[in-house]
2 protein chains.
Amino acid sequence: MREFKRKARILLIDDNADHLRGIKELITLETNYDIAGTTTSANIGINLAKKYHPELIIMDVNMPEKDGLQAIQEIEKLNLDTKILVLSGYDDADLIFRAMKIGAKGYVLKTMASAQLIYAIDEILAGKVYLPSALSSRFFDYFQRSFKEEASASTEENLLTYLTSREEEVLELLTQGNNYKGIAGKLFISETTVKTHVNNIFQKLQVNDRTQAVLYALNNGFGKRIRSKISA
Amino acid sequence: MREFKRKARILLIDDNADHLRGIKELITLETNYDIAGTTTSANIGINLAKKYHPELIIMDVNMPEKDGLQAIQEIEKLNLDTKILVLSGYDDADLIFRAMKIGAKGYVLKTMASAQLIYAIDEILAGKVYLPSALSSRFFDYFQRSFKEEASASTEENLLTYLTSREEEVLELLTQGNNYKGIAGKLFISETTVKTHVNNIFQKLQVNDRTQAVLYALNNGFGKRIRSKISA
DNA sequence: ATTGATTTACATCTTTAGATTGAGAAAACA
DNA sequence: TGTTTTCTCAATCTAAAGATGTAAATCAAT
């Protein structure tokens, strides 16, 4: 068992009052943690979090009144030093992914054994991120699938490779929202020259205007920035 | 038809010949898997993968000749039904993240106990993704940090919220590279109306032209709608 | 030494984009 | 009910963008 300076306080948020009582009892009887509060309302939960800064919040994400994920985001924005464990009825990969993305430190199913929940609480309070093996697997499947398309997209002929280095410079400035004059000024060349480059870029990228050129650039790894287009 | 089970074949790629022998011996003695081949060269490894389609490849990523991650990407592009377990000397979060991103099914440190390696092999061959607890924690920290900026960026006033729903539709079509005529046609309104909307969008987003509007939209989470599939 | 690609530059022309003003109709709101 | 917001459309104007052709200087490679 781990030792803490003081007993960690846990806030429970679950719209099901029975379930709430069950978890409270479980934690009271089987662990050494304190219950900072319990509520069936996400909004009240957020206020309680503000007030008590609990070490951990156990949050049900299947609430009709308010989306649990949204509640998590609001709490995260407060920048309290509070960890959040998601309790959910669904082992949906997308739900797990989104919960972890917005900062949840763990995700446990309601159908899982209570020992699983306690273990997750221990791990999270010890500073780790905890996903049960099955859910972790689901997460990574989803994670890798979401990058699969990107990879295959970069497999197909990337028209950006046909650009000369000067054209790349011009395109970069285009992707920063510059007009002809701005680009000419930054590259110390005439505006007509920029027009020539831009027209050549259009030909090579097979687009009709600068907006499409910029979109093509961004969608094909120009600047190698990691863009999460997971929702699409 | 029943799939007949046979011993899974493992391909080892590690530039350190001694280490290679050690792992081979470990797998031969301690497990029931076959060694499909061993090589100290990433390029030869890729060819062996093409030839034998092993169930698993254990890949060292710390090779001077060729970047292990690059080798993994090349193998992944082949779309063999081959799983890849990364063996690395570094528990660097960025390295772990990139390895998982490009499709590695696991990541184990060389300093870890051999039992850890065997367990990882078992899990991966069983169809799971396996990261040792400590590395999993590192991965999620990195993962969540990489989304933290996005979240904090959307914390500051997002001008997109001032757009009316119609303006959002217009902006969406702008981010798809449409010109006035295209947008007018798709929304069944006149071109002049589109111009009005676009000009209002410019005012609200405080930009001067469509390219800047599109860039603002993309950089501020436009299109990331929250699909909530929660029903009691 | 010649070829080919790149970078630079200009003129001309057509089209599109953007700014501004005004205004009617419908829907939302108080 | 009146008021405000939103959505719609138009005319007009200026500025910017884009298409096309031509061409000179540079430089790498054959």
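Coordinates for the structure precede this section.
Residues numbered from 1 in each chain as written. Chains lettered and ligands numbered in written order. Predicted model: local features only at pLDDT ≥ 70, side-chain atom pairs only at ≥ 80, totals over all residues. Heavy atoms only, no water.

1. Notes on the overall build of chain A
A tally of helices and strands in chain A yields ten helices and five strands. Here chain A has roughly 11600 Å² of accessible surface; of this, 48% comes from carbon and sulfur atoms. (Helix = DSSP H or I, 4+ residues; strand = E, 2+ residues; numbered from the N terminus. Areas by Shrake-Rupley, 256 points an atom, 1.4 Å probe, with all protein chains shown as cover.)

2. Here's the deal with the relation of the copies chain B and chain A
In the superposition of chain B on chain A (RMSD 1.0 Å, axial shift 0.9 Å), the rotation amounts to 179 degrees. Such a turn and shift between the copies fits a two-fold axis. Residue Thr211 of chain B of chain B places its C-alpha closer to the rotation axis than any other residue of that unit, at 2.7 Å. A share of 86% of the interface residues of chain B reappears at the interface of chain A, consistent with the copies meeting face to face through the same patch. (Least-squares fit on C-alpha atoms with pLDDT ≥ 70 in both. Contact = heavy atoms within 4.5 Å.)

3. Looking at the protein's contact with DNA strand D
As a matter of local geometry, DNA strand D sits amid 17 residues, with Asn199 and Asp209 of chain A together with Thr164, Arg166 and Ser190 of chain B nearest to it. Close to the protein, within 4 Å, the atoms of DNA strand D belong to sugar or phosphate groups at a rate of 69%. Here Asn199 of chain A contributes a side-chain N or O atom positioned 2.5 Å from a phosphate oxygen of DNA strand D. Between a phosphate oxygen of DNA strand D and a side-chain N or O atom of His197 of chain B, the distance comes to 2.9 Å. Among the elements of the structure, α9 (191–205) of chain A together with α7 (165–174) and α9 (191–205) of chain B are those that each provide at least two residues to the surface near DNA strand D. In terms of residue count, α9 of chain B provides more of the surface near DNA strand D than any other element does, four residues in total. Split into classes, the residues belonging to the surface near DNA strand D amount to three nonpolar, ten polar and four charged. (Near = heavy atom within 4 Å. Polar contact = N/O pair within 3.5 Å; in protein donor to acceptor, adjacent residues only side chain to side chain. Nonpolar A, V, L, I, M, F, W, Y, C, P; charged D, E, K, R; others polar.)

4. Structural notes on unusual backbone geometry
What you tend to see is this: most non-glycine residues have negative phi, and most peptide bonds are trans. All names here are of chain B. One non-glycine residue with positive phi stands out, namely Asn79, at about 55 degrees. With respect to the secondary-structure elements, Asn79 resides in the loop between α3 (68–77) and β4 (83–88). One non-glycine residue, Gln206, lies in positive phi territory at about 60 degrees. By the element assignment, Gln206 lies in the loop between α9 and α10 (210–219). Among the residues examined, Gln206 registers a relative accessible area of 63% and is labelled exposed. (Buried < 20%, exposed > 50% of the residue type's maximum accessible area, 1.4 Å probe, protein only.)

5. Quick notes on the interface of chain B and chain A
Every contact between the two is made by 44 residues of chain B and, on the other side, 48 residues of chain A. Buried surface at the junction of chain B and chain A, both sides included, amounts to about 3800 Å², of which 56% is carbon and sulfur. There are zero salt bridges connecting chain B and chain A. Where chain B packs against chain A, one counts eleven residue pairs in polar contact (both at pLDDT 80 or more). (Buried area = accessible area lost by both parts, 1.4 Å probe. Salt bridge = Lys/Arg side-chain N within 4 Å of Asp/Glu carboxyl O.)

6. Some remarks on the pattern of salt bridges
Scanning all chains against the criterion turns up 18 salt bridges over all chains. Among the ionic pairs, Arg98 of chain A bridges to Asp94 of chain A, the shortest N-O distance being 2.8 Å. Here Arg98 of chain A pairs with Asp94 of chain A, and both are found in helix α4 (residues 93–101), just four residues apart, close to one helical turn. Residue Glu167 of chain B is joined to Lys204 of chain B by a salt bridge in which the shortest nitrogen-to-oxygen separation is 2.8 Å. Highlighted residues: Glu167 of chain B in helix α7 and Lys204 of chain B in helix α9, separated in sequence by 37 residues.

7. Topic: the protein's contact with DNA strand C
Taken together, 17 residues surround DNA strand C, and among them Thr164, Arg166 and Ser190 of chain A together with Asn179 and Asn199 of chain B come closest. Counting only atoms of DNA strand C within 4 Å of the protein, the fraction found in sugar and phosphate groups is 71%. Ser165 of chain A is positioned with one of its side-chain polar atoms (N or O) 3.2 Å from a phosphate oxygen of DNA strand C. Ser190 of chain A places a main-chain nitrogen or oxygen 2.8 Å from a phosphate oxygen of DNA strand C. When residues of the surface near DNA strand C are assigned to their parent elements, the largest contribution, four residues, is made by α9 of chain A. Tallied by class, the residues present in the surface near DNA strand C amount to three nonpolar, ten polar and four charged.

8. Section: the sheet that holds strand β5 (residues 106–109) of chain B
By way of backbone hydrogen bonds, the strands of a sheet pair with one another, either parallel or antiparallel. All names here are of chain B. Ordered by their spatial adjacency, five strands build an open sheet running β2-β1-β3-β4-β5, and the pairing between neighbours is parallel. A strand with exactly one partner marks an edge of an open sheet, and here the two such strands are β2 (34–39) and β5. Neighbour-to-neighbour, the strand axes of this sheet turn through a mean angle of 20 degrees, independent of strand direction. Most of the contacts of α3 go to strand β3 (residues 56–60), to which it runs at about 160 degrees, and overall it touches β3 and β4. Of the strands in this sheet, β4 and β5 are in contact with helix α4 (residues 93–101), which crosses β5 at around 150 degrees. (Pairing = 2+ DSSP bridges. Axes fitted to C-alpha atoms, helices over the stretch in contact; angles between N-to-C directions.)

9. A word on the packing of helix α10 (residues 210–219) of chain A against α10 of chain B
Where α10 of chain A contacts α10 of chain B, the two axes come as close as 9 Å, and the packing angle between them is 30 degrees. With respect to α10 of chain B, the axis of α10 of chain A lies roughly parallel. As α10 of chain A packs across α10 of chain B, the resulting crossing turns out to be right-handed. The segment α10 of chain A lies against α10 of chain B, with Arg210, Thr211, Val214, Leu215 and Leu218 of chain A engaging Arg210, Thr211, Val214, Leu215 and Leu218 of chain B. The residue makeup of the contact of α10 of chain A with α10 of chain B, split by class, is six nonpolar, two polar and two charged. (Parallel < 35°, antiparallel > 145°, perpendicular 65-115°, else oblique. Left-handed = near helix turned anticlockwise from the far one by under 90°.)

10. Let's talk about the packing of aromatic side chains
Geometrically, a pair of aromatic rings is defined through the distance of the ring centres and the angle of the planes. This model, assessed by the stated rule, comprises 19 aromatic pairs over all chains. Summarising the aromatic geometry, the rings of Phe97 of chain A and Phe143 of chain B are spaced 5.5 Å apart at their centres and angled 70 degrees between planes, so their arrangement reads as edge-to-face. Note that Phe97 of chain A is positioned in helix α4 and Phe143 of chain B in helix α6 (residues 133–153), a pairing that runs across two chains. In this structure, Phe97 of chain A and Phe143 of chain B share a single accessibility class: buried. Here the aromatic cluster, defined as three or more aromatic residues joined through ring pairs, consists of Phe97, Phe139, Phe140, Tyr142 and Phe143 of chain A together with Phe97, Phe139, Phe140, Tyr142 and Phe143 of chain B. Here the guanidinium or amino end of Arg210 of chain A rests over the ring plane of Tyr180 of chain A, the centre of that ring lying 4.6 Å away. (Phe/Tyr/Trp six-rings, centres within 6.5 Å; stacked < 30°, edge-to-face > 60°. Lys NZ or Arg CZ within 6 Å of the ring centre and 35° of its normal.)

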